[in-house]
Amino acid sequence: MTIGEVKDILEAKVLIGGDRMDEPVDTACGSDLMSDVLAFVKDKTVLITGLINPHVVRTSEMLDITCIVFSRGKLPSEEILEEAEESGITVLSTEMTTYTACGELYVHGLPGTKKRAGAEGA
Amino acid sequence: MGVLIEKTFPVEAGAYETAGEASTTIKRTLKQLGVGAEVLRHVSVACYEVELNLVIHSLGGELILQVEPEKVTLISKDVGPGIPDIEKAMTEGYSTANEEARTLGFGAGMGLPNMKRNATEFDIQSEVGVGTTITMSFALK
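Being a predicted model, the structure only gives us computed values, none of them experimental.

### A word on the packing of aromatic side chains
All names here are of chain B. Using the criterion set out here, one finds one aromatic pair over all chains in the structure. Where Tyr 48 meets Phe 106, the ring centres are 6.2 Å apart and the plane angle is 80°; that geometry is what we call edge-to-face. Separated by 58 residues along the polypeptide, Tyr 48 in helix H2 (residues 37-57) and Phe 106 in the loop between helix H4 (99-103) and helix H5 (111-118) bring together distant segments of the chain. For Tyr 48, a relative accessible area of 0% corresponds to the buried category.

### Here's the deal with the interface of chain A and chain B
Contacts between chain A and chain B engage 27 residues on the former and 29 residues on the latter. Summing both partners gives a buried area of about 2400 Å² for chain A against chain B, and 51% of it is carried by carbon and sulfur. Put simply, chain A and chain B have four salt bridges between them. Inspection of the region where chain A meets chain B yields 15 residue pairs in polar contact (both at pLDDT 80 or more). Sorting elements by how many residues they give to the side of chain A that touches chain B places helix H3 (residues 54-63) of chain A first, with six residues. Residues of the side of chain A that touches chain B, tallied by class, amount to eleven nonpolar, six polar and ten charged.

### Description of the sheet that holds strand E4 (residues 67-70) of chain A
All names here are of chain A. Ordered by their spatial adjacency, five strands build an open sheet running E1-E5-E4-E3-E2, and the pairing between neighbours is mixed. Single-partner strands in this sheet number two, and they are strand E1 (13-16) and strand E2 (27-30). Averaged over neighbouring strand pairs, the angle between their axes works out to 25° when direction is ignored. Alignment of strand E3 (residues 45-49) against E4, held across four bridges, turns out to be parallel. Paired with Leu 47 across the two strands is Ile 68, which belongs to E4. Across the sheet, H3 touches E3 and E4, and the angle it forms with E4 is around 155°. Lying over the sheet, helix H5 (residues 98-107) contacts E2 and E3, oriented at roughly 155° with respect to E3.

### Here's the deal with a negative patch on the surface
A contiguous patch of negative charge on the surface is contributed by A:Asp19, A:Glu78, A:Glu79, A:Glu82, A:Glu85, B:Glu17 and B:Glu100. At four residues, helix H4 (residues 78-87) of chain A tops the list of elements feeding residues into the negative patch. With respect to the helices and strands, A:Glu79 occurs in helix H4.

### A few points about the sheet that holds strand E1 (residues 5-11) of chain B
The pairing of strands in a sheet comes from backbone hydrogen bonds and takes either a parallel or an antiparallel form. All names here are of chain B. Pairing within the open sheet is antiparallel, and its five strands lie in the order E1-E2-E3-E5-E4. Sheet topology places E1 and strand E4 (121-127) at the edges, where each strand pairs with a single neighbour. On average, each strand axis in the sheet is tilted by 10° relative to the strand beside it, whichever way the strands run. Along the sheet, H2 makes contact with E1, strand E2 (61-67), strand E3 (71-78) and strand E5 (131-139), crossing E5 at roughly 175°.

Cut-offs and rules
- Residues numbered from 1 in each chain as written.
- Chains lettered and ligands numbered in written order.
- Predicted model: local features only at pLDDT ≥ 70, side-chain atom pairs only at ≥ 80, totals over all residues.
- Heavy atoms only, no water.
- Phe/Tyr/Trp six-rings, centres within 6.5 Å; stacked < 30°, edge-to-face > 60°.
- Helix = DSSP H or I, 4+ residues; strand = E, 2+ residues; numbered from the N terminus.
- Buried < 20%, exposed > 50% of the residue type's maximum accessible area, 1.4 Å probe, protein only.
- Contact = heavy atoms within 4.5 Å.
- Buried area = accessible area lost by both parts, 1.4 Å probe.
- Salt bridge = Lys/Arg side-chain N within 4 Å of Asp/Glu carboxyl O.
- Polar contact = N/O pair within 3.5 Å; in protein donor to acceptor, adjacent residues only side chain to side chain.
- Nonpolar A, V, L, I, M, F, W, Y, C, P; charged D, E, K, R; others polar.
- Pairing = 2+ DSSP bridges.
- Axes fitted to C-alpha atoms, helices over the stretch in contact; angles between N-to-C directions.
- Patch = residues over 30% accessible without salt bridge, like charges linked within 9 Å, V, L, I, M, F, W, Y side chains within 5 Å.
- Areas by Shrake-Rupley, 256 points an atom, 1.4 Å probe, with all protein chains shown as cover.
- Lys, Arg positive; Asp, Glu negative; His and termini not counted.
- Charge placed at Lys NZ, Arg CZ, Asp CG, Glu CD.

So, in structure tokens, the structure goes:
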């Protein structure tokens, strides 16, 4: 799946990274708990979250998460968007709830992340 | 072979706004040095977790990055308060984080176990009233 397809499925607005719609994504995860997000392998991953603060972007940068989707129509501040721009992370906003957004992507064939992060699990 | 790069990053207690900046700089530095994507992710995740721990739990401290040809080492040193029961602190789900950390999406009790999982070698020494030192190394080859 591409980021552009994610955008279409979630009927999302593109806040950052309009030129990256052709980039591929392999997995997705939905969480408001960054501690848990940090504990799972992320590569070419979409993060769907209802949490809005700069740590969502920083966590994503650490894990090479390529796309963040803010659910329930939430809009991040300019500072958060600037940080995402600087990190090269695409940011979308959807009116769907986190649960619905995850479900839509899943039925369209985007699987969840499975492997634990870490040397032994990777 | 000796240490190629050594950099120290002070980390302020309670500075939630800027927490993660040292990790971002460290990640970008290592990326420029050509460290591979997988190792880079392990270092970045462990570094971010330990930096957040300094902000959330410590009275202040520093992060030291050392780069050698064979490995990257991260050392976190703080000036207290120290961990009374390290075994308990290493248990997934156990957390003493405050409400502010939890509001930001942290404090799930995953930090220390996640650092250990990501590092090739992990060591933690702590003394109540003195401080905690965590040393993590990541093999490059």
